[in-house]
Amino acid sequence: MSALLVPVVGQLLVVPSAVVAEIIKRRELVRAPGSPDWLLGTLQWHHERLPVLCFEALNGQRDADTAHGSRIVIMSTLADAAPPRNYAILAQGVPHLLL
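Predicted model, so just to flag it, every value in this text is computed and none were measured.

Reading the values: the criteria
One numbering rule holds for all chains: residues counted from 1, following each sequence as written. A pLDDT threshold of at least 70 governs which residues receive local features in this predicted model, and a stricter bar of 80 or more applies before side-chain atom pairs are shown or counted, although totals over entire chains, interfaces and linings include all residues. As a convention, hydrogens and water are excluded, and side-chain values are obtained from all of the structure's heavy atoms. Helix and strand definitions here come from DSSP, where helices need a minimum of 4 consecutive H or I residues and strands a minimum of 2 consecutive E residues; each element is numbered from the N-terminal end. Type-normalised accessible area, obtained with a 1.4 Å probe on protein chains alone, sets the label of each residue: buried when under 20%, exposed when over 50%, and partly exposed for intermediate values. For two strands to be treated as a pair, DSSP must find no fewer than two bridges joining them. Side-chain atoms alone can form a polar contact between residues adjacent in sequence; in general such a contact is a pair of N or O atoms within 3.5 Å, and within protein one must be able to donate a hydrogen while the other accepts it. Residues are treated as being in contact if the distance between any of their heavy atoms lies within 4.5 Å. Each axis is a line fitted through C-alpha atoms, taken for helices only over the stretch in contact, and angles between the N-to-C directions span 0 to 180 degrees.

Visitor: Could you give an account of unusual backbone geometry, with specific residues and numbers?
Guide: A positive phi angle, close to 45°, is found at H46, a residue other than glycine. Structurally, H46 can be placed in the loop between β4 (39-45) and β5 (48-53). A positive phi angle is found at H47, which is not glycine, with a value near 65°. Mapped onto the elements of the fold, H47 is located in the loop between β4 and β5. Of the residues examined, H47 reaches a relative accessible area of 81% and is grouped as exposed.

Laid out in structure tokens, this is it:
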């Protein structure tokens, strides 16, 4: 099984490539008032509105750097029982393939 190394602040996440649907450039997100820190906002992707999560905030670390070089990694769930669901996380650079 191949995987991607996804850079987040201070570390690399190992993500199975089977769950990665697409990697896109950072774009403007729509943030709902009162949303939690870990929810950076939502974006429109292929006729679907996806939540964009901040891995760092989910783990009680400092907020992600939303600088120019960031990427958005769009992921899909693999569970057969659940309906397909997509979401995204903010990466601090370009993910790299790990064979």
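There is more to say, and it comes next.
Visitor: Explain the pairing of strand β1 (residues 3-8) residue by residue, including any values.
Guide: The side chains of a regular strand alternate, residue by residue, between the two faces of the sheet. Burial runs high along β1: five of the six residues are buried. The antiparallel hairpin formed by β1 and strand β2 (residues 11-16) contains two residues in its connecting segment, where G10 sits at a positive phi of about 80°. Examined bridge by bridge, β1 and strand β8 (residues 96-98) share three bridges and lie antiparallel to one another. Bridge pairing in β8 links L4 to L97.

Visitor: Before we move on, can you summarise the side chain of T42 with the specific residues and values?
Guide: Within the fold, T42 resides in strand β4. At 3.1 Å, the side chain of T42 forms a polar contact with the side chain of R49. Setting aside residues up to four positions removed in sequence, T42 forms contacts with L29, V30, R49, L50 and P51.

Visitor: How would you sum up the sheet that holds strand β6 (residues 71-76)? Please name residues and give values.
Guide: Spatially, five strands are ordered β3-β6-β7-β5-β4 in an open sheet, and the strand pairing comes out mixed. Looking along the sheet, the strands with just one partner apiece sit at the ends: β3 (20-25) and β4. Neighbour to neighbour, the strand axes of the sheet diverge by 30° on average, direction disregarded. Bridging between β4 and β5 involves six bridges; their strand directions are antiparallel. Bridge pairing in β5 places G41 opposite V52.

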